[in-house]
Amino acid sequence: MPILSRRTGALIAGLIWLAGLAVTATSVIHAAAVTPLVAGVCIAIAAIPALALIILRKRTDQDLPRLTLSLLWTALAASTAAACGGVTGLASIAFLLPPAAAAAGGRRGHVIEAAALSGFSALAIGALQFGGLLVAPPGAAMVFAPVFPVAAAFIAGGFALSSLRSVAAHDKADRAARTYRVKSAAFDATSAPLAVVDGDEIIAGSAGLRRLIPGLPRTIEGLPFAALAHDDEEREELAKAMSRLGNGSTQTHVRGAGGRAAAVTIEGASTADNTLVTSFVRENADSDLLRRERDEALSDAAAKTEYLASVSHEIRTPLNAIIGFSEVMKARLFGPLPARYAEYADLIHESGRHLLDLIGDVLDMSKIEAERYELTMDRFDAGEVVGICTKLLRQRAEDAGVTLETDVPDGAIAVEADRKALRQILLNLLSNAIKFTPPGGAVVAMARREGADLIIAVGDSGVGIAPEEVRDLGQRFHQASNSSESNERGSGLGLSLVRSLAELHGGTMQIESRIKEGTTVTVRLPVIDMTASEAERETLEVHDRIRRAQEAGSSLSGPPVSAAGTA
């Protein structure tokens, strides 16, 4: 049975009273010795408590509205009894109106308050009656006779609504009690060692806990949690560790079989009622072996990362020399070269630059994995960095036959971030976009501020990526299957490095792409300098702006890119 709300009960009771008055209004007016206008005014006054009950039904938990309702119904009851000559006869039923109204839309305490107020008024009217100060006018009983059935219906309805609400609440509480009994029985019988702690005392323990610690007393409710430790020293340590168990774990020894110390790890989880559920995991040889193997694996991974960083650094030194000498040969600083040697010098220079870029990616990723990459925070204009990066790669885009455009606001985008990291993010995204965009395509780099976030988006009209591959991009050394369509090969670290640098700033990277349409990579960084003067904000409409930029290319082939970063 659904629980009838107090607001609904008050509404129903008020409508019962108003409907009863409407039905009996004609009879009361005809029976009254006064003019119809005066009788109508009296009926309207009698409707005021019901109207107030309907209007104030949502505020019955507040003192002033509740007191107002009690006073209105009590005044109606007292005036009715006074008009009928006192508390004797049918007029006495009127004093049940205030508690009935409170029962329909209030709590038990509200009913008691209304009944007390109504009782005091009944005593006052009775005293006036027996003191001879109240005399019933002739025909008063006939005037009020049609209203008494309405009052009886209202009283019966009010208390019936309260009873229905009590029955439904009792049923709900009974179902909840049965559910909790089942859960309690399941908790007591579980084989997992569990204990529920309130403060520093145990309030419940499972059968698994008793098997882990056989020497527990028959009743463990109220036993200090620290008493589970093996000796006094560890009990003190466990008592100190209680504050950390709400979101962590601790290791100790408990008194196992035969009184021997058993090593356990205790993990805790806080509940909504501020109790603590603890679980005990017994340590054994297998867990020790797994822990050692984990530590060794972490150590090997750290050593590998440091080795890669060291080797990459050592390779860059001679590689820079090779690139420098090849640049001298390309520039013909010491005279002309035979055509074939000049071609070889160009190939050496291009291959050296490519290898240097790959080694730089490996070195940066190794530093990030080894947690040795430190951000150098600085205040600067992000739009300026976007412009510099596009200038650096414009020649490469022209050589590839790709239109490279930027879209940044006129005002400065003041940020507080690592300038080198932001530059690396843009260069990697632009290089990827140019690499996988066919001749005649377009690449657009955009930057906007959105609240406290800097939004950078790089879109292209390239070959696109299959949806099932998008989720794997950004993983180390992962390359999409369409990478074979580009003449340039990479390490598979470009997007992974972008994601890692974004996460170091507390940001995110998102990719959206469609085959044969293009790709858009959106980076969101919470680096806006809020202390700087706030320029006019513009909404980043990546989809529309990239499409317009691509359509502006005179030789753009294929449909426009349909990818947008999710803000």
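First, a word on scope: everything that follows refers to the structure included in this document. (Residues numbered from 1 in each chain as written. Predicted model: local features only at pLDDT ≥ 70, side-chain atom pairs only at ≥ 80, totals over all residues. Heavy atoms only, no water.)

1. Some points on the overall build of the protein
Of regular secondary structure, the protein possesses 16 helices and twelve strands. Counting over 567 residues, the protein shows a buried share of 41%. Within the protein, residue pairs in contact and separated by at least 24 positions form 64% of the contacts whose partners lie at least 6 positions apart. Within the structure as shown, the protein displays about 30400 Å² of accessible surface, and the carbon and sulfur contribution to it stands at 58%. (Helix = DSSP H or I, 4+ residues; strand = E, 2+ residues; numbered from the N terminus. Buried < 20%, exposed > 50% of the residue type's maximum accessible area, 1.4 Å probe, protein only. Contact = heavy atoms within 4.5 Å. Areas by Shrake-Rupley, 256 points an atom, 1.4 Å probe, with all protein chains shown as cover.)

2. Quick notes on the packing of aromatic side chains
Summed over the entire model, instances satisfying the criterion amount to four aromatic pairs. With centroids separated by 5.6 Å and ring planes inclined at 75°, the aromatic side chains of W17 and W73 adopt a geometry described as edge-to-face. One end of the pair, W17, is in helix α1 (residues 6–31); the other, W73, is in helix α3 (residues 63–83), with 56 residues separating them in the sequence. By relative accessible area, W17 is classed as buried at 3%. Aromatic pair W73 and F154: ring centres 4.7 Å apart, planes at 25°, arrangement stacked. With W73 in helix α3 and F154 in helix α7 (residues 147–189), this residue pair connects regions lying 81 residues apart in the sequence. One aromatic cluster is present, built from ring pairs that chain together W17, W73 and F154. (Phe/Tyr/Trp six-rings, centres within 6.5 Å; stacked < 30°, edge-to-face > 60°.)

3. Things to note about the pairing of strand β3 (residues 249–255)
Of the two faces of β3, the one holding T250, T252 and V254 is buried and the one holding S249, Q251, H253 and R255 is not buried anywhere. Summarising the sheet, β3 and strand β4 (residues 261–270) pair through seven bridges and their orientation is antiparallel. Residue pairing across strands places V254 opposite A262, the latter belonging to β4. Where β3 folds back onto β4 in an antiparallel hairpin, the turn is made up of five residues, including G258, whose phi is positive at roughly 70°. (Pairing = 2+ DSSP bridges.)

4. As for helix α4 (residues 97–105)
The buried fraction of α4 is high, at nine of nine residues. Within α4 the residues assigned to the buried category are L97, P98, P99, A100, A101, A102, A103, A104 and G105.

5. Describing the sheet that holds strand β12 (residues 518–525)
Spatially, five strands are ordered β7-β9-β10-β12-β11 in an open sheet, and the strand pairing comes out mixed. Of all strands in the sheet, those bounded by a partner on one side alone are β7 (403–407) and β11 (508–514). Each strand axis lies, on average, 10° off the axis of its neighbour in the sheet, ignoring direction. Here strand β9 (residues 442–450) pairs with strand β10 (residues 453–460) via eight bridges, running antiparallel. Counted as the bridge partner of R449 is L454 from β10. Strands β7, β9 and β10 of the sheet are contacted by helix α12 (residues 382–399), whose axis makes an angle of about 175° with β7. (Axes fitted to C-alpha atoms, helices over the stretch in contact; angles between N-to-C directions.)

6. So, the sheet that holds strand β5 (residues 276–282)
The strand order across the open sheet built from five strands is β2-β1-β5-β4-β3, with neighbouring strands paired in antiparallel fashion. Of all strands in the sheet, those bounded by a partner on one side alone are β2 (201–205) and β3. The average angle at which neighbouring strand axes cross in this sheet is 35°, direction not considered. The pairing of β4 with β5 spans seven bridges and is classified as antiparallel. Among the inter-strand pairings, S270 is bridged to a residue of β5, identified as L276.

7. Section: unusual backbone geometry
Residues other than glycine seldom take positive phi values, yet K516 does so here, at roughly 65°. Within the fold, K516 resides in the loop between β11 and β12.

8. Regarding the nonpolar core
Generally speaking, soluble globular proteins have nonpolar side chains that are buried together. Among the nonpolar cores identified, the biggest contains 43 residues, and V415, L422, L429, L430, V443, L454 and V523 are the most heavily contacted of them. Taken together, the elements giving at least two residues each to this core come down to α12, β8 (414–418), α13 (419–435), β9, β10, α15 (494–504), β11 and β12. Tallying contributions element by element places α13 first for this core, with nine residues. Excluding residues within four positions of it along the chain, L430 makes contact with C389, T390, L393, L404, V443, A445 and V458. By size, the runner-up hydrophobic cluster in this structure holds 37 residues, among which are L21, C84, A151 and L161. (Core = buried A, V, L, I, M, F, W, Y, C linked by side-chain atoms within 4.5 Å.)

9. A closer look at the packing of α1 against α4
Taken N-terminus to C-terminus, the directions of α1 and α4 make an angle of 140°; their axes are 6 Å apart at the nearest point. Here α4 runs oblique to α1, going by the angle between their axes. Contacts between α1 and α4 involve R6, G9, A10, A13 and W17 from the former and L97, A104 and G105 from the latter. Residues of the contact of α1 with α4, tallied by class, amount to five nonpolar, two polar and one charged. (Parallel < 35°, antiparallel > 145°, perpendicular 65-115°, else oblique. Nonpolar A, V, L, I, M, F, W, Y, C, P; charged D, E, K, R; others polar.)

10. Some details on the side chain of D529
Assignment of secondary structure puts D529 in the loop between β12 and α16 (542–552). Leave out the neighbours within four places in its chain, and D529 touches R379, A414, V415 and E416.

11. Looking at the environment of F120
By the secondary structure assignment, F120 is in helix α5 (residues 108–130). Look at F120 and you get exposed, because its relative accessible area is 59%.

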